[in-house]
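# Observations on the model geometry
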2 protein chains.
Amino acid sequence: MPLAPWRSPLSRALHRNRSLVYARYLQLATVRSNHRPANRTVVFRGFFDDETNQLKFVVDGRSEKAEQIEQNPWAEACWYFPKTREQFRLLGTLTLIGESHPDSTLAKARQIAWQDLSDSARVQYLWPHPGQSRTDAIAFSLPLPDATKPLPQFCLLLLSATQVDHLELRGDPQNRQRYLLADDRTWEMQDLNP
Amino acid sequence: MPLAPWRSPLSRALHRNRSLVYARYLQLATVRSNHRPANRTVVFRGFFDDETNQLKFVVDGRSEKAEQIEQNPWAEACWYFPKTREQFRLLGTLTLIGESHPDSTLAKARQIAWQDLSDSARVQYLWPHPGQSRTDAIAFSLPLPDATKPLPQFCLLLLSATQVDHLELRGDPQNRQRYLLADDRTWEMQDLNP
């Protein structure tokens, strides 16, 4: 599949906001098993590859969101860029790639994602079970894990968007575009009222 | 009800990040009627009053989120503070206060919220139906609405949290606290693994 048409404004936003480290943070909403929403900040780790338009994240397979994704793969990412005052909302489905994923390309991508992490990010996967009652601090003092071999709980997470809403607050009036993935896998773009 | 115990760290975060105008922006997740999540940036407008611990927002009653809230009032707000590197996740229920709300205190609060808006924020409620196919730009050139009388489509939105998750990325290891509203309406606090 060719580069989606929303990739170009998104790349521009990333470039123009590159001085802010937190411009690579976005909020990922999923649905809990009790039908209540969940929402948390995640770090954008780039695109899986140019042909798929999939956004990459990494997650701990022991976290609540890993469980939520198994039950309902739908997610909406909300990404606000402070410097250029624009927002991207990306609605789509998540794919969780854990240990022993059958697809060898995805398994390889998981390994590369692990290698690309910093030591301080990798060691967090050795921490006690996230979200459980606090364990003694000693459990957090750990030797660094092998940088070449992902820990079992390390997962790569891919978001495949089927709808992207781009709102630019600058401009009078504001500009808003919606990109929709049609059944023939082409993207349709529409100007919307902000 | 007294001030919830999470109000104090949240006030501190707001104060320490006050130089960033966008530290008052947060992401509000709801659930669509087709069980997919929705997520968008909203502006924090303060607390409804100190006794209720309810967060205030304003919305256009014609927007999709107003419809989503009617069907499923659950929401999770995700609020990241860039300067202090901390995140609050507030899970709870939303109350939408539109025109002719029966509760006079809430109706009054809606009117005050309208008066507190800037002219440029108020005029947006006269814009064409949000999210619909773009209308001719002429429709956006409008006289300012009456600052004392809310337009029918103007709604006040209140979030009543029942669970608040506070994560501080600074610190080695990170700190994470969860606040839960118990059946007796008191808050229980627990230290969690990050």
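Keep in mind it's a predicted model, so treat the numbers as computed, not measured. (Residues numbered from 1 in each chain as written. Chains lettered and ligands numbered in written order. Predicted model: local features only at pLDDT ≥ 70, side-chain atom pairs only at ≥ 80, totals over all residues.)

## Notes on the overall build of chain A
What counts, and what does not: Numbering of helices and strands runs from the N terminus, with a helix taken as a DSSP run of H or I at least four residues long and a strand as a DSSP run of E at least two residues long. Radius of gyration: C-alpha atoms only; globule rule: 2.2 Å multiplied by the number of residues to the exponent 0.38. Three exposure classes are used, based on other C-beta atoms lying within 10 Å of a residue's own C-beta, which is placed from the backbone: buried for 20 or more, exposed for 12 or fewer, and partly exposed in between. A pair of residues counts as a contact when their C-beta atoms, built from backbone coordinates, are separated by no more than 7 Å.
Looking only at helices and strands, chain A features four helices and eight strands. Counting from the amino terminus, helix and strand elements in chain A follow one another as α-β-β-β-α-β-β-α-α-β-β-β. Its C-alpha atoms give chain A a radius of gyration of 18 Å, near enough to 16 Å, the size a compact globule of 194 residues would have. Principal-axis analysis of the C-alpha atoms places the extent of chain A at approximately 55 × 35 × 35 Å. With 194 residues in all, chain A has 31% of them scored as buried. Of the contacts formed within chain A by residues at least 6 apart in sequence, a portion of 59% connects residues at least 24 apart.

## Here's the deal with the relation of the copies chain B and chain A
Formally: Copies are brought into register by a least-squares superposition over C-alpha atoms of residues with pLDDT of at least 70 in both.
With an RMSD of 0.0 Å, the fit of chain B onto chain A corresponds to turning through 180° and sliding 0.0 Å along the axis. Look at the turn and shift together and you get a two-fold axis relating the two. Of all interface residues in chain B, 100% are interface residues in chain A too; the two copies therefore contact each other through one and the same surface.

## Considering unusual backbone geometry
Look at Arg85 of chain A: it is not a glycine, yet its phi comes out positive at around 50°. For Ser100 of chain B, which is not glycine, the phi dihedral falls at a positive 60°. Looking at where Ser100 of chain B falls in the secondary structure, it is placed in the loop between β5 (86–97) and α3 (104–116). Note on Ser100 of chain B: 7 C-beta atoms within 10 Å, which makes it exposed.

## Brief notes about the pairing of strand β8 (residues 187–192) of chain B
All names here are of chain B. This is how it is decided: For two strands to pair, DSSP has to find at least two bridges joining them.
With six bridges joining them, strand β7 (residues 175–181) and β8 adopt antiparallel strand pairing. When the sheet's bridge partners are listed, Arg178 is paired in β8 with Gln190. The turn linking β7 back onto β8 is made up of five residues, and Arg185 within it adopts a positive phi angle of 65°.

## Quick look at the nonpolar core
What counts, and what does not: For this entry, the nonpolar core is defined as buried Ala, Val, Leu, Ile, Met, Phe, Trp, Tyr and Cys residues connected by C-beta atoms within 7 Å.
Counting 75 residues, the largest nonpolar core has Val58 and Ala77 of chain A together with Val58 and Ala77 of chain B as the members making the most contacts within it. Beyond its immediate chain neighbours, meaning those up to four positions away, Ala77 of chain B contacts Asn39 of chain A together with Leu26, Gln27, Leu28, Leu55, Leu90 and Leu159 of chain B.

## Remarks on the pairing of β7 of chain B
Residue and element names in this part refer to chain B. Judged from the six bridges that link them, strand β6 (residues 154–168) and β7 form a sheet pairing that is antiparallel. What sits directly across from His166, in β7, is Gln177. Where β6 folds back onto β7 in an antiparallel hairpin, the turn is made up of six residues, including Gly171, whose phi is positive at roughly 105°.

## Focus: helix α2 (residues 64–71) of chain A
Residue and element names in this part refer to chain A. To keep things clear, this is the line we draw: By arc we mean the arc of the directions from the helix axis to the C-beta atoms, nothing more.
What α2 keeps buried is the set Lys65, Gln68 and Ile69. Within α2, the buried residues cover an arc of 100° as seen down the axis, which keeps them to one side. Of the exposed residues in α2, the ones pointing more than 90 degrees away from its buried face are Glu70 and Gln71.

## Let's talk about the interface of chain B and chain A
Much of the literature gives interface size as the accessible area that the parts lose upon coming together. Selection criterion: Gly falls in the polar group here, along with every residue not listed as nonpolar (Ala, Val, Leu, Ile, Met, Phe, Trp, Tyr, Cys, Pro) or charged (Asp, Glu, Lys, Arg).
Between chain B and chain A, the residue contacts involve 40 residues of the former and 40 residues of the latter. Looking at which element gives the most residues to the side of chain B that touches chain A, the answer is strand β4 (residues 74–81) of chain B, with six residues. In terms of residue class, the side of chain B that touches chain A is built from 20 nonpolar, 14 polar and six charged.

## Here's the deal with the environment of Asn34 of chain B
Residue and element names in this part refer to chain B. If you trace the backbone, Asn34 turns up in the loop between β1 (25–31) and β2 (37–43). Here Asn34 falls in the exposed class, since 6 other C-beta atoms lie within 10 Å of it. Considering only alpha carbons, one finds Asn34 and Gln68, 34 residues apart in sequence, at a separation of 9.9 Å.

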